[in-house]
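# Observations on the three-dimensional arrangement
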Amino acid sequence: MEINNIKKVTFWFESVMGFTVKSDVIKSLEINEYQFHIGTDIAYRTKIVLDNNARAEFSNPMFDEAPWNVEINGEKFQSPIKRLNKYDDITMVEIEYDDGSIAKVKPYWGDFSQDEYSIYQKSYYEVNEKDELTGNFIVEFYTDCFTENFAKLPNVYELQKIIDDNFYKYNPLGLDDSDKHVYHDYGLYESARWLYNLGKKAYNPQTFVNGIYPSIAKQFNPEKHKKLIENVIDIIYNEWTNRKVSLDE
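On a predicted model such as this, the values are computed, not experimentally measured, just so you know.

### A word on unusual backbone geometry
Even without glycine at this site, Asp131 takes up a positive phi of about 60 degrees. Structurally, Asp131 can be placed in the loop between strand E11 (121-127) and strand E12 (133-146). Overall, Asp131 belongs to the exposed group, its relative accessible area being 65%.

This is the structure we're talking about:
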């Protein structure tokens, strides 16, 4: 699926720095709807094509003197290509559309990283069949998580919101009102992702229990509240499965 009507794209990195490029240097941005299996996870390959001479607005003035500066025809500017080519450590890509709406794509890092680089990312200068540079720079990574803007792709955030909101509403752990914020702060994204990746196989109340209960932090003593937790999970299951949109749409 190619993403169109893009106004600008912001890349965020493990170093907490980021930069924004405008649509005129973004030649294409697409997410392959074919599912790739990485261990027990399901991910989708994302490919972004940028112009080699792309310019960017970096997020922090302290990077003005960083090695991302280039000079072409006597004009100096900051190059996003130099930053992308040095480290494979993208943590988030924000896409702003022409209508002002924003979608976020979270790159897949797996359960570990090596020297804080993601082994599931790569960036490179494109060459043609004659080994000649095409003028394009390619960024590729896998993603397992999308916002509601990608309506045709799995929306694990929606399921997480249903889980977290019901835990907050029914409070099966018996937390004080002042402490109930941990239901949202802690979040059960991993449970939501696991259940969503199961697709139609998740249409089973016990599967939801198996996916959510073990992810509750031991510090909250879930074993003391197991029955109440299972009752809330049953509510979550019914709310999710009664939606008009099926798990794998």
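### Looking at the packing of helix H5 (residues 205-212) against helix H6 (residues 226-241)
Packed helices, taken two at a time, are described by the angle their axes make and the gap between the axes. Packing of H5 against H6 leaves a shortest axis separation of 9 Å and a crossing angle of 120 degrees. In terms of their interaxial angle, H5 and H6 are classed as oblique. In this structure, H5 meets H6 at a crossing whose hand is right-handed. Contacts between H5 and H6 involve Pro205, Phe208, Val209 and Ile212 from the first element and Glu230, Ile233, Asp234, Ile236, Tyr237 and Trp240 from the second.

### Topic: empty space enclosed by the protein
Take a probe with the size of a water molecule and roll it over the atoms, and the empty space left behind shows itself. According to the stated counting rule, one finds two cavities of 30 Å³ or more in the structure shown. Estimated volume of the largest cavity: approximately 90 Å³. Lining the largest cavity we find Asp164, Phe167, Leu173, Val182, Tyr183, Tyr186, Gly187, Leu188, Ile216 and Phe220. Per element, the largest residue contribution to the lining of the largest cavity is three residues, and it comes from helix H3 (residues 182-186). Class assignment of the residues belonging to the lining of the largest cavity gives a composition of eight nonpolar, one polar and one charged.

### Things to note about the pattern of salt bridges
In the structure shown here, the tally under the stated rule is seven salt bridges. As a salt-bridge pair, Lys7 and Glu96 come within 3.8 Å of each other at their nearest N and O atoms. Taken as a pair, Lys7 in strand E1 (residues 6-13) and Glu96 in strand E9 (residues 90-97) lie far apart in primary sequence, 89 residues in all. Taking the relative accessible area as the measure of exposure, Lys7 reaches 42% and is therefore partly exposed. A salt bridge links Asp51 to Lys27, with the shortest nitrogen-to-oxygen separation between them at 3.9 Å. Linking Asp51 in strand E5 (residues 41-51) with Lys27 in strand E3 (residues 26-31), this pair joins segments that are 24 residues apart in sequence.

### Digging into H5
All of the buried residues along H5 are Thr207, Phe208, Val209, Gly211 and Ile212. Among the residues of H5, the N-terminal cap falls to Asn204, whose side-chain oxygen and the backbone nitrogen of Gln206 are separated by 2.8 Å.

Rules used in this analysis
- Residues numbered from 1 in each chain as written.
- Predicted model: local features only at pLDDT ≥ 70, side-chain atom pairs only at ≥ 80, totals over all residues.
- Heavy atoms only, no water.
- Helix = DSSP H or I, 4+ residues; strand = E, 2+ residues; numbered from the N terminus.
- Buried < 20%, exposed > 50% of the residue type's maximum accessible area, 1.4 Å probe, protein only.
- Axes fitted to C-alpha atoms, helices over the stretch in contact; angles between N-to-C directions.
- Parallel < 35°, antiparallel > 145°, perpendicular 65-115°, else oblique.
- Left-handed = near helix turned anticlockwise from the far one by under 90°.
- Contact = heavy atoms within 4.5 Å.
- 1 Å grid on protein atoms, 1.4 Å probe; cavity = no way out; pocket = protein on both sides within 12 Å on 5 of 7 lines; lining within 4 Å.
- Points joined across faces, edges and corners; volume = space filled by probe spheres on them.
- Nonpolar A, V, L, I, M, F, W, Y, C, P; charged D, E, K, R; others polar.
- Salt bridge = Lys/Arg side-chain N within 4 Å of Asp/Glu carboxyl O.
- Polar contact = N/O pair within 3.5 Å; in protein donor to acceptor, adjacent residues only side chain to side chain.

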